[in-house]
Each structure stands twice: as structure tokens, then as C-alpha cells.
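Fold and contact review
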Amino acid sequence: MFSSSTLAYKRWNMKRWPLSRGPLVTLLVAIGLEGFSRLLLDIPSAAPLFLAVAYAAFLGGVQSGLVSAAITIAYTLYAYATPGSFLVYSDNNVIRVLVTIGTSLGMALLVGGLKRRAERDQSEILRIQRYQTLMLQSVSDSIIATDAQFRIQTWNRASEMTYGWSAAEVCGKPINHVLPVVRYLDNIDDEQAKDLILRQSFWNGQVIQTHRDGHEILIEASVRLIHDADGSMVGVVAVNRDVTAQQQERTERARIEERQHFLGQASAVLADSLDYESTINTVTQLAIPHLADWCVIHLIGEDGTLRRPVAAHVNPELIEIIRELQQRNPIELGEDGPITRTLHTGETQLVPVVDHVRMRAVSSDDYHYRMLGELGFNSYMIVPIIAHGRTLGAATFVSGGRSYTAADLEHAQDLMRRCGLAVDNARLYRDAQEAIQTRDQLMLTVTHDLKNPISAIKGYANFLRRRLQRRDTPDAEWLEDGLAKIDTTTTKMTGLLNEMLDFARLQAGQMLDLDQRPTDLSAIVSQTVAEYQQTTERHCIYVAASVAELVGLYDTARLERVLANLLSNAIKYSPDGSEIMVEVRHESKAGACWAVINVQDWGLGIPAADLPHIFDPFRRAGNVRGRVRGTGIGLTIAQRIVELHGGSLTVASVEDEGSTFTIRLPMTALPAEAPPVWWNEALP
Ligand code: ADP
């Protein structure tokens, strides 16, 4: 493959010394010499000999010319010698011999020399051609040259790599057949491009062309006309570069930068929102239209149920359709579907193209199907919202036009990771706020609970002192009564302080030191019920005991507090005039003997959502918060104390119907059976 410039050099060189014209020159020289020797020297024709010398020099170069000349000279020396004498010549023949010698040698040297020069020129041409070929093959740009009819003449290795066609396949074919332009990036067409090239002799621009395997490539082309010395157009040369990869890289970089920018903004906005609801609203707004045409977020609430989904659409008028579809087809956690699958497993889902079959499959009926079409439903992805390994919810992103790719999914996951942390932060913030409120409430309640008895003690003490100051004879009965009241009140205060102390120890992760000794639970029940019956006139506490005594190794003071807590709650959370039932019995299970105490009321009960967490510290049910004073720590300590004894404290409750708390404690010995006894302290 030679370039046009190589061919031009070759033509010029042949004009200077065309090899084929050698014999012609030789012939002319021979005719000239023939005329010269005949006319001037009267020598018979030696032209055939000179022609032989010239032809030998032409074929074999100087050396073979000299050999031929030597033969000619030897023949002349022999032919012109005086007959009978060796190397003796007449005067005329001496001149002839000398002319023949000179002419033959001259002929050999002239023709041989010219031949050598022609050969040198020829090899120089070949060297230049080889060099240019190597140069063309080693450049990384595709170089294509055509003749004046735009037929391909030059097609280097880079062209083969760029377009997939070999030189042998394309040389001689019209360039626009081999490499049609799919599109000019500066919005011109073939005719306009041709026109520009012919007018200004060059054209630079970017075009989309097709590789042999059919894929499109972006080419940066530089096309120039090739002119002859006389200015006529002999062809076109194009230097083309495949910039598809660079272009893709640039686009990819721009996309990454745009996404980083978006995520940066999203992080800033999310960091600002410490409110749960607004965090989710922010995310849906952020996702549109950057990531989706519409999106829906489902969150799992604290109680393990699904909260009302939050949705956004690029066209706000269509939000109503999404809400209507959600109302018509609410998602249940128990059912099997794409969103619940992500909520249960935390897996991501990407459906690049939703065909009609799939759209039918996710639609509950014709109306749903039509509405999805209205909203735009070409591609979707479902991404879990995860924080600290826990799936908090799922976000569904839907595109009505373009198809989602793995890169989109990665981007959505990035956003949702930030969203998960923001939701978690919002929850933690809310919990912290609630904890602060609860702590304040606890302080208030404890202060209040301590202040009242302290005022009472102070009142009794002042009263007694005044009587003594007035030198009244102390009445033993009222003195004892006053002191007994002070004693009961301080015992209550000690109980409260001990409860606080136990709670503080449990919160600090310390063990409670139980003071276990043989104790009769029946006696504790009777005594505590009696005490609490005295505190209320509006409730009636009944006790049903099927055993005379229930003895075990128990921490008496602490179990008294547990019972006191259950009784005070039963009173606190049930309406005036209602009854409270305490049942004392024993139970044998798998060879072990258990003391069982039930405290039952028919009061407010506990809502189902709060029931599983009711023994958590500071947990107060929704139906009592703000209505009835409390700290939310009594049940936590009670359960812990019972468990430390090897027993259990459980609850069964229905809101607005009532609650039954059950204590089960291990016993040391089987109690003696006794007929059930029902009694009530308040009754005569
Ligand atoms: P407090 O009663 O001081 O709030 P507790 O730890 O004793 O704290 O009880 C925790 C929560 O359990 C209460 O706030 C209340 O919501 C619920 N609760 C406990 N006992 C009863 C009951 N007998 N009836 C209804 N709700 C109860």
C-alpha cells in the first residue's frame, strides 16, 4: 500500500532516467559513432560490437560491459593486425584500434554507470516506499486516501482496527459505500459535507459511523483534498480517530459528578431533617425527577406494621391516582409481592423494562392496569431502606420513559443508605426527646411522691411538738397513733426510694442482691391487699386463695413491692366502683411446684400495639399517657425481680376491657390444699 505522495516521487524519478530508454540511448550513440567512424575515419562499421558492449553493460552493469569491451578490443586487435605479424598495425588501423578501444570502454562505463544509477534510484524509491508504509501502519489514527473518483486507495492498519474491514476488502471500493455516515454531529448531510470539502479543500468534524460488526462509533474526522502539481484534484485523504471511548468516559464522568453533587445535596437536606415524616417527604421530593418519574416509600412502624405510604409524582396532579390505587389495593406485610419481598428480605429489585405481561401481573384489575399506564410504568426498581442492618422500609422508583440500569440501581441504593441513616437518626432523636420527657416526668412524679409523705411526717412531728411544748399530758393513744403514721409514711418513702435504687442499678447493668429467706407469699398478699384497700374507698379488692400458705425462698421486701405495684396500677387504671380480684394458688408442672398470683382488673386495659413492650423501661401505653400520672418503670423492676427469683411476670390485656397480671414463682415445698377462701378486707 503506497501513499499518493510515494507514487508521485516514483513518477518524477522515472522521467529523469527511465530504465527502458537505456537501449534506445545506446542505439543512438552507436549510430552516431558509426557515422563518425565512416565519414571521418573511413572505418568499417563497428556498431554491432558497440551495441553488444552497451547491451552487456545495460544488462549486467559496468563489469559485464567491461568484459564485453575487452572481447571487442581483443577482436579488434586481432582483426586489424598486419597479416602475418602479431600486434603490428598500419597507421590507419592504429587509429581504428584506438577508436574501437576508447569507444568500447566508454560505452561500457557510460551505460554501466547509468544502469547503476538507475538501480540506486530504484532502491531509494523502494526504501522510501517501505518507510512510508511503515509510517502509515504505525500511526494510531485511521488514514484513508481515495482517488479522484473517491475509490479507496490507502487503508492503514488503524483503519482496519477502527472499522473492522481489511485493506484487501475495501481497496478500490467507493468510500461512501464502505463507510456511510449515519449522522453528522454538526447537523449537516452528505451533500453539504461534500460541498464544504470541495469549496474549502478541507472539512473537520464529528460523525457517527458503523463498525463492521454493526455497532456505532463516534469519529473525529479531518478530510482534505489532494491536488496534483497542476492543481487538479487527484483524491481525498481522511485522518479519522475513534473517540467513542473518550466520549463515553466524558459522559460517564459527567454523570458521576452530577450524582455526587445530587447525593451531597441530599445528605445536607437529610441531615437537616430530624423529623421522621419530613425526612421521608424530603426523600421522595429529592428522587423526582432526578431518579424517577414517581416514587413511593413504605416504612415499617415501631410496632412492626406498615405505615401509610408516602408518594410523589413528577406531575403533582397524578398524586391522587397513586393515593387512590394505594387505598384500593393496600399492601399487607403478610402477602407476597415485590414490595413486601424487599421489606422481608432486604433485597433490591430492578426491572429494566415492564412489558404488558408483567404490568398485568402487578395490576389487581383493569382499572389498576390503566392507571399504571397513566402514571407511566416502563421500568422500576425497589430498594430497601436499611440502617444498622435493620430494614426500615422500601422505596419504589418508577420511570415512565427510560429503562433503569445497574448504575441507576447503585445510585438509588446510595440515596436510600443516606435515607436509612436519616430515618434512624430521626427515630433516635425522637426517642431521645421522649426519654428526656420521661426523665423529667419521672423526676416530677418521684419529687411529688416524696414531697407528700415528707409534708405529712412534718405535720405529725409539728403537731406532737406543739402538744409537748404546751406541756399537755401526752395521751399514749394519740402519741402512738401519730408515731405509727410517721412509721407507715417513712416505710412508703423507703419503698419508693428502694424502687428507684433498684431501677438505677438495673439501668447501670448491675445485679440486684436478693435477700432470700423462707417467706409465705399468702401472708404477703393478705398484708399488701389490706394496706391498699385502706388507700381506696372507691375500689373493692377481693382475694381468692386455694391454699393456706405458699412458702418459698423469697426477698420479702421486694416481692411486697412487686405486689404493691400491681395493686396500685390496678387501682390507678380502673374506674371508680370497679372490682379488683387477686387469686392465690399453686401449680405443678413437670415435677416442679409454682406459686401463682393473678391480679385482675376491669379497667382501661392495654392497647395491642403497646402490649408487647409494656415491660420496657419508661414504656407507658398510649391510652394513659397524659391522662394518668406514672413513671413507666414499676413493671420493668417488678418483672426483673420476679425473674431473679426464677419466676415470670406476664400480662393478658384487652383495651377497654381490663388486664390480668400473673406472677409465677418457684416453691420449695408443696403446700397443703385448703378449700378456696374468698375475703375482702373492706367487708365486715
Ligand atoms: P406507671 O404505672 O408508673 O406508668 P408501670 O411500669 O407500673 O408504670 O406501668 C407501665 C404502663 O403499663 C402503664 O403506664 C400503663 O400504661 C400500663 N399498665 C400497667 N398496669 C396496668 C393496668 N392494670 N391496667 C392498664 N394499664 C396498665
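A brief structural summary.

Each value, and the rule that gives it
- Residues numbered from 1 in each chain as written.
- Predicted model: local features only at pLDDT ≥ 70, side-chain atom pairs only at ≥ 80, totals over all residues.
- Heavy atoms only, no water.
- Helix = DSSP H or I, 4+ residues; strand = E, 2+ residues; numbered from the N terminus.
- Rg over C-alpha atoms; globule rule 2.2 N^0.38 Å.
- Buried < 20%, exposed > 50% of the residue type's maximum accessible area, 1.4 Å probe, protein only.
- Contact = heavy atoms within 4.5 Å.
- Areas by Shrake-Rupley, 256 points an atom, 1.4 Å probe, with all protein chains shown as cover.
- Lys, Arg positive; Asp, Glu negative; His and termini not counted.
- Charge placed at Lys NZ, Arg CZ, Asp CG, Glu CD.
- Salt bridge = Lys/Arg side-chain N within 4 Å of Asp/Glu carboxyl O.
- Pairing = 2+ DSSP bridges.
- Axes fitted to C-alpha atoms, helices over the stretch in contact; angles between N-to-C directions.
- Near = heavy atom within 4 Å.
- Polar contact = N/O pair within 3.5 Å; in protein donor to acceptor, adjacent residues only side chain to side chain.
- Patch = residues over 30% accessible without salt bridge, like charges linked within 9 Å, V, L, I, M, F, W, Y side chains within 5 Å.
- Disulfide = S-S within 2.5 Å.
- Parallel < 35°, antiparallel > 145°, perpendicular 65-115°, else oblique.
- Left-handed = near helix turned anticlockwise from the far one by under 90°.
- Nonpolar A, V, L, I, M, F, W, Y, C, P; charged D, E, K, R; others polar.

This paragraph deals with the overall build of the chain. Helix and strand counts for the chain come out as 19 helices and 19 strands. Relative to the compact-globule value of 26 Å for 684 residues, the chain shows a C-alpha radius of gyration of 56 Å, a clear excess of over 25%. Projected onto its principal axes, the C-alpha positions of the chain cover 195 × 60 × 60 Å. Buried residues in the chain amount to 41% of all 684 residues. Intrachain contacts of the chain at a sequence separation of at least 6 include 63% that bridge at least 24 residues. With an accessible surface of roughly 37700 Å², the chain has 56% of that area assigned to carbon and sulfur atoms. Between the mean site of the 65 positive side-chain charges and the mean site of the 79 negative ones, the chain shows a separation of 10 Å.

Once that is clear, we can look at the pattern of salt bridges. Tallied over the entire structure, the rule returns 27 salt bridges. One salt bridge in this structure joins Arg 259 and Asp 408, with 2.7 Å as the shortest N-O distance. With Arg 259 in helix H9 (residues 244–272) and Asp 408 in helix H15 (residues 406–469), this residue pair connects regions lying 149 residues apart in the sequence. Judged by its relative accessible area of 14%, Arg 259 is buried. Salt-bridge contacts for Arg 558 lead to Asp 502; the nearest nitrogen and oxygen are separated by 2.9 Å. Taken together, the residues Arg 558 in helix H18 (residues 556–572) and Asp 502 in helix H16 (residues 476–507) connect sequence positions 56 residues apart. Its relative accessible area of 10% is what places Arg 558 among the buried residues. What makes Asp 502 buried here is its relative accessible area of 1%. Residues joined by salt bridges that share partners form a network here, namely Asp 502, Arg 505, Asp 555, Arg 558 and Arg 561.

Hydrogen bonds between backbone groups are what pair the strands of a sheet, and the pairing can be parallel or antiparallel. Read across the sheet, five strands follow the order S8-S7-S11-S10-S9 without closing on themselves; strand pairing throughout is antiparallel. The sheet is open, and its two borders are formed by strand S8 (310–313) and strand S9 (349–351), each paired with just one other strand. Averaged over all pairs of adjacent strands, the angle between their axes in this sheet comes to 15 degrees, without regard to strand direction. Sheet topology places S9 next to strand S10 (residues 379–387); three bridges connect them, and they run antiparallel. Across the sheet, the residue bridging to Gln 349 is Ile 382, located in S10. Contacts from helix H11 (residues 319–328) reach strand S7 (294–299) and S8 within the one sheet, and its direction differs from that of S8 by about 145 degrees. Strands S7, S9, S10 and strand S11 (390–399) of the sheet are contacted by helix H12 (residues 338–345), whose axis makes an angle of about 150 degrees with S11.

Now for helix H19 (residues 634–644). With respect to burial, H19 is a largely interior element, eight of its eleven residues being buried. All buried positions along H19 are accounted for by Gly 634, Leu 635, Thr 636, Ile 637, Ala 638, Gln 639, Ile 641 and Val 642. Summarising the contacts, the buried residues of H19 are in contact with H16, H18, strand S17 (648–654) and strand S18 (658–666).

Our next topic: the site of the ligand. In the neighbourhood of the ligand, 21 residues make up the surrounding shell, with Asn 569, Tyr 573, Arg 620, Thr 631 and Leu 635 lying closest. Contact distances for the ligand include 3.1 Å between an oxygen atom and a backbone N or O atom of Gly 632. Between Ser 659 and the ligand, the recorded distance is 3.4 Å, taken from a side-chain N or O atom to a nitrogen atom. Contact with the protein chains hides 98% of the accessible area of the ligand, taken as 530 Å² for the molecule alone.

Taken together, the side chains of Leu 66, Leu 105 and Leu 109 make up a nonpolar region of the molecular surface, amounting to roughly 230 Å² of accessible area. Examined against the element boundaries, Leu 109 turns out to sit in helix H4 (residues 91–138).

This part takes up the state of the cysteines. Per the counting criterion, the structure on display carries zero disulfides. Free of any disulfide, Cys 419 has its nearest neighbouring cysteine sulfur in Cys 295, separated by 9.4 Å.

Let's shift gears to the packing of H15 against H16. When two helices pack together, their arrangement is captured by the angle between the axes and the distance separating the axes. Put simply, H15 and H16 touch, their axes get as near as 10 Å, and they point 160 degrees apart. The pairing of H15 with H16 is recorded here as roughly antiparallel in orientation. Judged by the sense of rotation from one axis to the other, the crossing of H15 with H16 is left-handed. Residue-level inspection shows Leu 442, Val 446, Asp 449, Leu 450, Pro 453, Ile 454, Ile 457, Tyr 460, Ala 461, Phe 463, Leu 464 and Arg 467 of H15 in contact with H16, the latter providing Trp 478, Leu 479, Gly 482, Leu 483, Lys 485, Ile 486, Thr 489, Thr 490, Met 493, Leu 496, Leu 497 and Met 500. Here the contact of H15 with H16 is composed, by residue class, of 18 nonpolar, three polar and three charged.

What is shown is where atoms sit, not what they do.
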